[in-house]
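Inside the fold
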Amino acid sequence: MSNAVNQSSSISVQPEIVLANNAPIQRRVEGYRTEISSSLGSRIDHEHFPIVTRHLNNAILRVCIGTPSTKSFAIQYDNLNTPEVQQASMEWTWRPNAHWQVGYHRHGTGFSTSRGLYTDDSGAQHLYLNFENHWPVYGLGEKTGELNKKNRRWSFWNSDVFAPHTEATDELYQSIPFFITKTDQGWLGVFLDNPGRCTLDFSLNAELCISVNNGAIDLYLISGESLPDILKHYTDLTGKPFLPPKWALGYHQSRHSYQSSEEVIQVVEQFRQHGIGLDALYLDIMYMDEYRVFSFDPKQFQKAPAMVEKLRSLGVHTVPIVDPGVKVDDQYRVYQQGLAGDYFIKGQDQNPWQGIVWPGVSVWPDFFNQEVSHWWRDLHHFYIDMGIQGFWNDMNEPAVFNEQKTIDDNALHYIDGETIEHGQVHNAYGLLMSEATAQAVTEHANQRPFVLTRAGYAGIQRSAAVWTGDNRSSWEHLRMSIPMLLNLGLSGVAFAGADIGGFMDNAQPELFVRWMQLGTFYPFMRNHCSIGLQSQEPWSFGEPWTKIATRAIQRRYAILPYLYQLFRDANETGTPIMRAMMWHDPSEVITENMADQFMLGQAMLVAPIMEPGQLARAVWLPKGQWLNVHEDKLVMGSGYQLAHAGLEDIPMFLRAGSILPLAPPRLSSEAPMTVLRLLIIEGKESNRILFRDDDGISIAKQSHKYVRLSFGYQLSQDIVECHLSIDQSQFKAQWSVLEIGLPSAWKKRKMTMNGVDLLNDAIVDGLSIKITFATPAIWL
Ligand code: GLC
């Protein structure tokens, strides 16, 4: 037997064919003679398969089988309250027959191994766990297919996939080997921390197989009382989603490529001429001097600084693309510096590893080396000094135009003085690049950064927003974006979106406007399309399409305060912004795999039209009352409703009794918001909200200054009692007017505010109050 384990260790290895004929032969790893059981932590020393278990806190148990090749790039130990593990909710046991069990104290058994641990000739390890067929699987980051990821084998290897993404596509740009399941006893999260190639196979009968190509099976098992609880713990572990600057939540326009600074200015001016909101304009690769990063084309973008300034004066941020491939060119300062500093990934021959990407022959910075990350961070002075604070990191899988589409597995990185092969850490490359980029803005501009990344690994939510890469202009891709984004949210990545309108191919106008209507509710709203194709700016298709697209963008600007609250919540708790229907009430079995509609936060239910020629669709409403926005009518859940929307609108329902913070129309989030709107949806006796607002740009950790507005109402037969208080001691709000939109059904009732009769034009704590009876569709 060629197995390394057998040759040099005392443990016995039995040959055993456990998979189909063409699968590699796997051999069971045995040799743990004593039963070990622990509720706190322990370690078994073994040459090849040491097992370390440790309770990181009362909800998270780490079980690491084998030795990790490097430190973790995902885990943030500083965030965890580790020392005081009082009464762990999980315990683990390793039995002599190699059966391993993890159980909840409160709920009974959670996981146990079915067959144990296996190794194959390549050294890959496979751990088989019992996994009931009816347990759903959520998360797994950026994957195509259904919401419930059960019944498939999923592989994790960051890949540039230009071919059309289909249901059958597996590897994409992001790798987040984290999933959530609901066992018969409760919710459980499992994170496999291994940035090399790994797989989670849910296609087996009543089993799950966790495999790693190299390194350790380093598992974090998370127990929780509820789904939100699991996300909270997972993001305690890997970091909370960053709080973006407000401008990052507005509408963004991109294309491959606006080709001159004049064209860029012209496009932005057209937005303003059409009266269409816009917060960011993207510069794709053609802004550069022959694709050299940290440069502008000397002819077409000669006036880049003036262009950036001009856009700022129109309330628009410029977001340049920055790819990691550095052109091999002796005359190019970035290449020269990188060579001098020894900053590039090396081949086995110790020379910088070379491959071909946009600039031609290129080399790649070794972000695993901290000194390199700092160098890269500081290179961003080039843009930041011009007033740029947003960056788009692409091709950072890293993508290479070669057969394997990336850097050789045996190329070399330097991590804390050690040499590590690329194949062992591939999936973390994009994460480290985005972190260096985000730091450039925090450190050199002292502002909240906005980084958009294509590649990432668990923890990417700390530093960047994610878009789902090169999609197509098809109804299939519009539909596919929903489960993808929902599962990204369930993997900690709250800030995500798909290219609206589709990147490749030409969108038909109907598809385009339906996608804009849906994109209004993506956490990240960007329209992007490829070179040489039909333009996709909102006015590109003429009327009536321009009007419909404009309306979708207007709605985005209306919901910005509501959305910002959701980002703040995500930043504090890890809660997704765009949520699967099952998030709020998992007991409704029908929602287990529902992904043709979703919730934006707690109050908005969005049911996009996803077929051509449809003007209505069936919408499933959870328990309780819901307001159909288009028809301005309260309807009762749970159950299906036929929702009409016309071509101009998207079916949308608001939870009865909600109070939604909204904004009056603006063309940019940078335009002062002098009026705050609170829209009350009828249908409840009472409710209250706490709304927090800040300047939207200061780095939260440093200032953490915000205004707090607390508003509530209590309804009785003929009176509506409102309560309002504002605390502006830390931060003075931009808005000095509060417009309260009441249901027209309340018209006959008397209103009081803080116990005093409320007449129009009242002033409370310096805030002028205006009351209107608005139908929601007017403000939305
Ligand atoms: C990649 C990106 C795409 C971009 C293009 C050119 O395909 O995914 O968004 O426009 O490269 O930079």
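In case you missed it, the structure is sitting above this.
The sections below set out a description of the structure shown in this document. (Residues numbered from 1 in each chain as written. Predicted model: local features only at pLDDT ≥ 70, side-chain atom pairs only at ≥ 80, totals over all residues. Heavy atoms only, no water.)

**Structural notes on the overall build of the chain**
What the chain contains, in helices and strands, is 15 helices and 48 strands. For 780 residues, the compact-globule formula gives about 28 Å, and the C-alpha radius of gyration of the chain, at 27 Å, lands near that figure. The dimensions of the chain, computed from C-alpha atoms along their principal axes, are 85 × 65 × 55 Å. Out of the 780 residues in the chain, the part that is buried amounts to 63%. Once local pairs closer than 6 in sequence are excluded, the contacts in the chain between residues at least 24 apart make up 69%. Accessible surface computed for the chain: about 27500 Å², of which carbon and sulfur atoms make up 48%. Charge centroids of the chain, computed over 63 positive and 84 negative side chains, lie 6 Å from each other. (Helix = DSSP H or I, 4+ residues; strand = E, 2+ residues; numbered from the N terminus. Rg over C-alpha atoms; globule rule 2.2 N^0.38 Å. Buried < 20%, exposed > 50% of the residue type's maximum accessible area, 1.4 Å probe, protein only. Contact = heavy atoms within 4.5 Å. Areas by Shrake-Rupley, 256 points an atom, 1.4 Å probe, with all protein chains shown as cover. Lys, Arg positive; Asp, Glu negative; His and termini not counted. Charge placed at Lys NZ, Arg CZ, Asp CG, Glu CD.)

**Considerations on the sheet that holds strand β47 (residues 762-764)**
Spatial strand order, β39-β40-β44-β48-β47: five strands in an open sheet with mixed pairing. The sheet is open, and its two edges are formed by β39 (659-662) and β47, each paired on a single side. Averaged over all neighbouring strand pairs, the angle between strand axes comes to 30°, with direction disregarded. Summarising the sheet, strand β40 (residues 675-680) and strand β44 (residues 737-741) pair through five bridges and their orientation is parallel. When the bridges of β44 are listed, leucine 678 appears paired with isoleucine 740. (Pairing = 2+ DSSP bridges. Axes fitted to C-alpha atoms, helices over the stretch in contact; angles between N-to-C directions.)

**Some details on the packing of helix α6 (residues 370-379) against helix α9 (residues 429-444)**
Viewed as axis vectors pointing N to C, α6 and α9 meet at an angle of 50°, and their least axial separation amounts to 8 Å. Between α6 and α9, the crossing angle belongs to the class labelled oblique. For the crossing formed where α6 meets α9, the hand is right-handed. Contact with α6, carried on its side by Ser373, His374, Trp376, Arg377 and Asp378, involves Met433, Ala436, Thr437, Gln439, Ala440, Glu443 and His444 of α9 and no other residues of that element. Broken down by class, the residue content of the contact of α6 with α9 amounts to four nonpolar, five polar and three charged. (Parallel < 35°, antiparallel > 145°, perpendicular 65-115°, else oblique. Left-handed = near helix turned anticlockwise from the far one by under 90°. Nonpolar A, V, L, I, M, F, W, Y, C, P; charged D, E, K, R; others polar.)

**Description of the packing of aromatic side chains**
Under the criterion given, the structure shown has 44 aromatic pairs. Measuring from ring centre to ring centre gives 5.6 Å for phenylalanine 294 and tyrosine 383, while their planes differ by 45°; the resulting arrangement is tilted. Linking phenylalanine 294 in the loop between β20 (280-283) and α4 (304-313) with tyrosine 383 in helix α7 (residues 381-384), this pair joins segments that are 89 residues apart in sequence. Here the two residues phenylalanine 294 and tyrosine 383 agree in accessibility, since each one is buried. Aromatic pair phenylalanine 450 and phenylalanine 495: ring centres 6.0 Å apart, planes at 55°, arrangement tilted. Of this pair, phenylalanine 450 sits in strand β28 (residues 450-453) while phenylalanine 495 sits in the loop between α10 (475-489) and β31 (496-497); the two residues are 45 residues apart in sequence, bridging distant segments of the chain. For the residue pair phenylalanine 450 and phenylalanine 495, the accessibility class agrees, reading buried in each case. Across from the ring centre of phenylalanine 156, 4.5 Å away, lies the NZ or CZ of lysine 143, which sits over that ring. The positively charged end of arginine 292 is found above the aromatic ring belonging to tyrosine 332, 5.8 Å away from the centroid. (Phe/Tyr/Trp six-rings, centres within 6.5 Å; stacked < 30°, edge-to-face > 60°. Lys NZ or Arg CZ within 6 Å of the ring centre and 35° of its normal.)

**As for the environment of tyrosine 557**
Note on placement: tyrosine 557 falls in helix α12 (residues 545-558). Note: C-alpha distance between tyrosine 557 and alanine 663 (106 residues apart in sequence) is 6.8 Å. At 3.3 Å, the side chain of tyrosine 557 forms a polar contact with the backbone nitrogen of leucine 278. (Polar contact = N/O pair within 3.5 Å; in protein donor to acceptor, adjacent residues only side chain to side chain.)

**So, helix α11 (residues 509-519)**
Among the 11 residues in α11, 10 count as buried, and that is most of the element. Among the residues of α11, Glu510, Leu511, Phe512, Val513, Arg514, Trp515, Met516, Gln517, Leu518 and Gly519 are the ones counted as buried. Among the structural elements, α10, β32 (526-527), α12 and β34 (598-600) are those in contact with the buried residues of α11.

**Quick word on the pattern of salt bridges**
Scanning all chains against the criterion turns up 32 salt bridges. Between glutamate 262 and lysine 303 there is a salt bridge, and its shortest N-O distance comes to 3.6 Å. Here glutamate 262 is found in helix α3 (residues 261-274), whereas its partner lysine 303 is found in the loop between β20 and α4, with 41 residues between them in sequence. Exposure remark for glutamate 262: the relative accessible area of 42% places this residue in the partly exposed category. Taking the shortest distance from any N to any O, the salt bridge between lysine 346 and aspartate 342 comes out at 3.0 Å. Through salt bridges that share partners, Asp160, Asp394, Glu397, Arg454 and Asp470 make up one connected network. (Salt bridge = Lys/Arg side-chain N within 4 Å of Asp/Glu carboxyl O.)

**A few points about the site of the ligand**
Around the ligand lies a shell formed by His256, Asp284, Ile285, Ile321, Trp358, Trp392, Asp394, Arg454, Trp467, Asp470, Phe503 and His528. Between an oxygen atom of the ligand and a side-chain N or O atom of arginine 454, the distance comes to 2.9 Å. Contact distances for the ligand include 2.9 Å between an oxygen atom and a side-chain N or O atom of histidine 528. Here the ligand loses 96% of its free accessible area of 310 Å² to cover by the protein chains. Of the residues contributing to the shell around the ligand, the split by class is six nonpolar, two polar and four charged. (Near = heavy atom within 4 Å.)

**Thoughts on the nonpolar core**
Within the largest apolar cluster, 168 residues are counted, with the highest numbers of intra-cluster contacts made by Phe191, Trp376 and Met604. Ranked by residue count, the leading element in this core is α9, at eight residues. Not counting chain neighbours up to four residues away, the residues in contact with phenylalanine 191 comprise Ala74, Ile75, Pro177, Phe178, Asp218, Leu219, Tyr220, Tyr234, Leu237, Thr238, Tyr457 and Ala458. One finds Leu61, Trp100, Phe202 and Leu208 within the second-largest nonpolar core, a separate group that totals 32 residues. (Core = buried A, V, L, I, M, F, W, Y, C linked by side-chain atoms within 4.5 Å.)

**A short note on the packing of α3 against α4**
Two numbers describe how α3 lies on α4: the axes approach to 10 Å, and their chain directions differ by 5°. Taken as axis vectors, α3 and α4 run roughly parallel relative to one another. Along the contact surface, α3 presents Ser261, Val264, Ile265, Val268 and Glu269, while α4 presents Met307, Lys310 and Leu311. Tallied by class, the residues present in the contact of α3 with α4 amount to five nonpolar, one polar and two charged.

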